[in-house]
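# Structural characterization, general
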Amino acid sequence: MKPGHTEIQLTKVEPASLQSFDTLYIKTYGCQMNEYDSSRMADLMQQAYGLKLVGTPEEADVILMNTCSVREKAEEKVFSELGRYRKIKEKRPDMIIGVGGCVGQQEGDRIQKRAPYVDIVFGPQTYHRLPELVKQIRRERVRITETDMPEIEKFDHLPKQAAHGVSGFVTIMEGCDKFCTFCVVPYTRGPEISRPVEDILAECRELLAAGIVEISLLGQNVNGYRGEGPDGEEWDFTMLLYAVARLPGLKRLRFTTSHPIEMTEELAIAFAELPQLMPYLHLPVQSGSDRMLKAMHRGHTRADYLRIIEGLRRHCPDLALSSDFIVGYPGETDEDFQATLDLMREVGYDSTFCFKYSPRPGTPAAKAEDNVPEEVKDERLQALLELTREQAKSALDRQVGKVLDVLVEKEGRNPGDMEGRTPDFKIVHFRGQPRQIGQVMPMRIVASYGQSLRGELVIAE
Ligand code: SAH
Ligand code: SF4
Ligand code: F3S
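## What about the nonpolar core?
Formed by 54 residues in total, the largest nonpolar core has its most connected members in L217, F237, L241 and F255. In this structure, F255 is in contact with L217, V222, F237, L241, L267, F271, L277 and L281, ignoring residues within four places of it in sequence. Counting residues in hydrophobic clusters, the runner-up holds 25 residues, among them Y36, M41, L51 and V134.

## Some thoughts on the site of ligand 1
The environment of ligand 1 is formed by 15 residues, the closest being F182, Q220, Q286, D324 and S358. For ligand 1, a nitrogen atom lies 2.9 Å from a polar atom in the backbone of Q220. The side chain of D324 places a nitrogen or oxygen atom 2.6 Å from an oxygen atom of ligand 1. Coverage of ligand 1 by the protein chains reaches 91% of its 540 Å² of free accessible surface.

## Some remarks on the sheet that holds strand 17 (residues 351-356)
Here we have three strands laid out as an open sheet, ordered 15-16-17, and parallel in their pairing. Of all strands in the sheet, those with a lone pairing partner are strand 15 (280-282) and strand 17, marking the two edges. Shown here is a sheet whose adjacent strand axes are inclined to one another by a mean of 10°, direction ignored. In terms of strand pairing, strand 16 (residues 320-327) meets strand 17 through six bridges, oriented parallel. Across the sheet, V327 pairs through a bridge with K356, a residue of strand 17. In the packing of helix 13 (residues 374-397) onto the sheet, contacts are made with strand 16 and strand 17, and the angle to strand 17 comes to roughly 175°.

## Things to note about the site of ligand 3
Residues in contact with ligand 3, as listed here, are C31, N34, T67, C68, S69, V70, C102, R189 and Q220. The class makeup of the residues in the shell around ligand 3 is four nonpolar, four polar and one charged.

## Quick notes on the side chain of R129
Relative to the helices and strands, R129 resides in the loop between strand 6 (120-122) and helix 5 (130-140). Residues in contact with R129, not counting those within four places in the same chain, are E146, D148, P150 and E153.

## Considering the side chain of T126
Looking at the element boundaries, T126 is found in the loop between strand 6 and helix 5. A polar atom in the side chain of T126 sits 2.9 Å from the backbone oxygen of E146. Not counting residues up to four positions away in its chain, the partners in contact with T126 are E146, T147, D148 and P150.

## A word on a negative patch on the surface
There is a patch of like negative charges on the surface, built from D156, E198, D199, E228, D231 and E233. By the element assignment, D199 lies in helix 7 (residues 197-209).

## A few points about the confidence of the model for the protein
When pLDDT is averaged across the protein, the result is 93; 96% of the residues are at 70 or more. Here residues 11-15 scores under 50 on pLDDT; set against residues more than four positions off or in separate chains, the count is five contacts.

## Quick notes on the packing of aromatic side chains
Applying the stated criterion across every chain, the model contains eight aromatic pairs. Pairing F255 with F271 gives two aromatic rings, centres 5.8 Å apart and planes at 45°, and the pair type is tilted. With F255 in strand 14 (residues 252-256) and F271 in helix 9 (residues 265-273), this residue pair connects regions lying 16 residues apart in the sequence. In this pair, the class of F255 matches that of F271, namely buried. An aromatic cluster is defined as three or more aromatic residues linked by ring pairs; in this entry it consists of F182, Y329 and Y357. When the ring centre of F355 is taken as reference, the NZ or CZ atom of R71 above it lies at 3.6 Å. R421 extends its terminal NZ or CZ atom over the ring of F425, reaching a point 4.1 Å from the ring centre.

## With respect to a nonpolar patch on the surface
Together, V403, V458 and I459 give the surface a local cluster of nonpolar side chains, amounting to about 260 Å² of exposed area. Mapped onto the elements of the fold, I459 is located in the segment after strand 22 (452-457).

## Some words on the pairing of strand 4 (residues 62-67)
Counting buried residues along strand 4, six of its six residues qualify, which places the element largely inside the surrounding structure. Burial along strand 4 is two-sided: V62, L64 and N66 facing one way and I63, M65 and T67 facing the other are all buried. In terms of strand pairing, strand 2 (residues 23-28) meets strand 4 through five bridges, oriented parallel. In the sheet register, I26 faces strand 4, and the bridge partner there is L64. In this sheet, strand 5 (residues 96-100) lies alongside strand 4 in parallel orientation, the contact comprising five bridges.

## Description of the pairing of strand 14
Every other side chain in a regular strand lies on the same face of the sheet, so the side chains alternate between the two faces. The buried fraction of strand 14 is high, at five of five residues. Of the two faces of strand 14, the one lined by R252, R254 and T256 and the one lined by L253 and F255 are each fully buried. Sheet analysis places strand 11 (residues 214-218) next to strand 14, joined by five bridges and oriented parallel. Each residue of the ladder has a partner; that of I215, found in strand 14, is L253.

## Regarding helix 7
With 13 residues, helix 7 should cover 18 Å at 1.5 Å per step; its first-to-last C-alpha distance of 18 Å lies within 8% of that length. Turning to helix 7, its buried residues are V197, I200, L201, E203, C204, L207 and L208. Buried residues in helix 7, looked at end-on, bunch into an arc of 160°, giving them a common side. Close packing links the buried residues of helix 7 with helix 1 (32-49), strand 8 (167-171), strand 11, strand 12 (226-228), strand 13 (234-236) and helix 8 (237-245). Directly beyond the C-terminal end of helix 7, a positive phi value near 100° is found at G211.

Definitions and limits used
- Each chain has its residues counted from 1, following the order in which its sequence is written.
- Whichever chain is written first becomes A and whichever ligand is written first becomes 1, with later ones labelled in order.
- This being a predicted model, a pLDDT of at least 70 is required before a residue's local features are given, and a value of 80 or more before pairs of side-chain atoms are given or counted; all residues contribute to the totals for chains, interfaces and linings.
- Hydrogens and waters are ignored; side-chain quantities use all the structure's heavy atoms.
- Throughout, nonpolar core names a set of buried Ala, Val, Leu, Ile, Met, Phe, Trp, Tyr and Cys residues whose side chains join them through atoms within 4.5 Å.
- Using a 1.4 Å probe on the protein chains alone, a residue whose accessible area is under 20% of its type maximum counts as buried, one over 50% counts as exposed, and one in between counts as partly exposed.
- Throughout, a contact is declared for two residues whenever any of their heavy atoms are within 4.5 Å.
- Think of it this way: one heavy atom of a residue within 4 Å of a molecule or strand is enough to make that residue near it.
- Pairing of N or O atoms within 3.5 Å defines a polar contact, subject to two protein rules: one partner must be a possible hydrogen donor and the other a possible acceptor, and residues neighboring in sequence count only if both atoms are side-chain atoms.
- Each accessible area value is a Shrake-Rupley result obtained with a 1.4 Å probe; residue values ignore everything except the protein chains displayed when judging cover.
- Between any two strands, at least two bridges found by DSSP are needed for them to pair.
- Only DSSP runs of H or I reaching four residues or more are called helices, and only runs of E reaching two or more are called strands; each is numbered from the N terminus.
- Axis geometry follows a simple rule: fit a line to the C-alpha atoms, using only the stretch in contact for helices, then measure angles between N-to-C directions, giving values from 0 to 180 degrees.
- Under the convention adopted here, Pro, Cys and the residues Ala, Val, Leu, Ile, Met, Phe, Trp and Tyr are nonpolar, Asp, Glu, Lys and Arg are charged, and Gly plus all remaining residues are polar.
- Two distance rules govern patches: like charges are joined within 9 Å, and nonpolar side chains (Val, Leu, Ile, Met, Phe, Trp, Tyr) within 5 Å, applied only to residues with over 30% relative accessible area and no salt bridge.
- Criterion for a salt bridge: a side-chain nitrogen of Lys or Arg within 4 Å of a carboxyl oxygen of Asp or Glu.
- Neither His nor the chain termini are counted; the positive set is Lys and Arg, and the negative set is Asp and Glu.
- Charge positions come from single atoms, namely NZ of Lys, CZ of Arg, CG of Asp or CD of Glu.
- On a scale of 0 to 100, pLDDT captures the predictor's confidence in every residue.
- Note on ring pairs: Phe, Tyr and Trp rings are taken, using the six-membered ring of Trp, and paired if centres are within 6.5 Å. Classes follow the plane angle, with under 30 degrees stacked, over 60 edge-to-face and the rest tilted.
- Over a ring means this: the NZ of a Lys or the CZ of an Arg is within 6 Å of the ring centre and within 35 degrees of the ring normal.
- The span you would expect from a helix comes to 1.5 Å times its residue count less one.
- The arc in question is formed by the directions pointing from the helix axis toward the C-beta atoms.

Following this line, the structure appears as structure tokens:
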């Protein structure tokens, strides 16, 4: 599907006279970039029309889906969810349904061919146009597909970000130029484009002024960031990190996702030098086999990756690591898979995200036969998940007895319990008070459970 703009006039339908136009429901799939985009869509629709977010599609006058097409399963969910919305629309034909995100970009007007009750299809780079598209639909009853890829203009059209809780997210770059053979992202998100430093700092300042104390910088390859600095020069990711870390009021800084081929020594040093930069890094490797890494067009070898990890740990011994893995890429042998298991053992991850290879239309890998049998993919996936469970458990167990700084985030599920995070992103429950939300408090870790820790405040107030 080429980027573009199409409109279909619905002849038999009268112009919409919406009885009510007050509420918005957004369903989000996919990565944190999509989470960020969804919250910005809510901000936009709130500013333009005063729409209020509601918790179920049944209550909504406008339903937006922000979709993901990274694996086939993710895409299938879109159409099954749309079936549910169709029933809602049968009862209230005046409501508006929009499908955005990566499936929107990839499938374009094919979505409306399959689901004609969808009013708007849009992509990750066009959602800032939603208010005008919605206006046009209300006036003229058209179906619109808007999947242009304008140069990152969307950021110039977004209202101030509404802050919620203690953590905030700021997209610093969009897209991907890496073209791993299995991946749709370069096609759905477009090329890598970095926002200017000043724009990013301004958005961070707004969040901090609204009470946010932890900021996560987002992008498909954040360490590939090359944006215009305030001095007119090109800044790289590390320079940006130092500038963000200096912002008054910022207690914690995180970022995701990084690519191994963009890792630098300076970035490793930043982990040691910047107290705000938390010791947690998601550095996807996908496979431990050189043959697979090459076939996937990852641009680095197993040895390169291990060298990077070694450098990072030299500068930041407490660094917690996570990675993505794919099993069953075309041609993956038992030996290749053993190399992946072995790399996982050698590195030792605090968490991982493991996926069965899923051929994606339009990607180079999809031309090869998807020749690893499903049961073999299943077995390999189970083996990685098993090792991940062991490693995650030992990462949690290792914290017991330590005193760690915990950022208090929210009330826990049990009465009297509060929930926070350690610097390396582990969840801690403790007896505390809601007024502690937003504070960083030293806590002795007294127990470790399957997925979280138990802490006790070191200094009683
Ligand atoms: N930019 C990030 C992640 C992008 S997508 C990176 O470079 O790592 C998130 C993860 O989905 C990928 O890391 C990969 O593990 C997985 N993924 C992407 N395409 C896939 C496919 N076709 N089949 C299975 N997993 C896939
Ligand atoms: Fe996809 Fe590779 Fe780009 Fe990550 S680096 S988004 S896996 S093409
Ligand atoms: Fe999915 Fe698009 Fe993110 S394909 S992972 S929502 S960039």
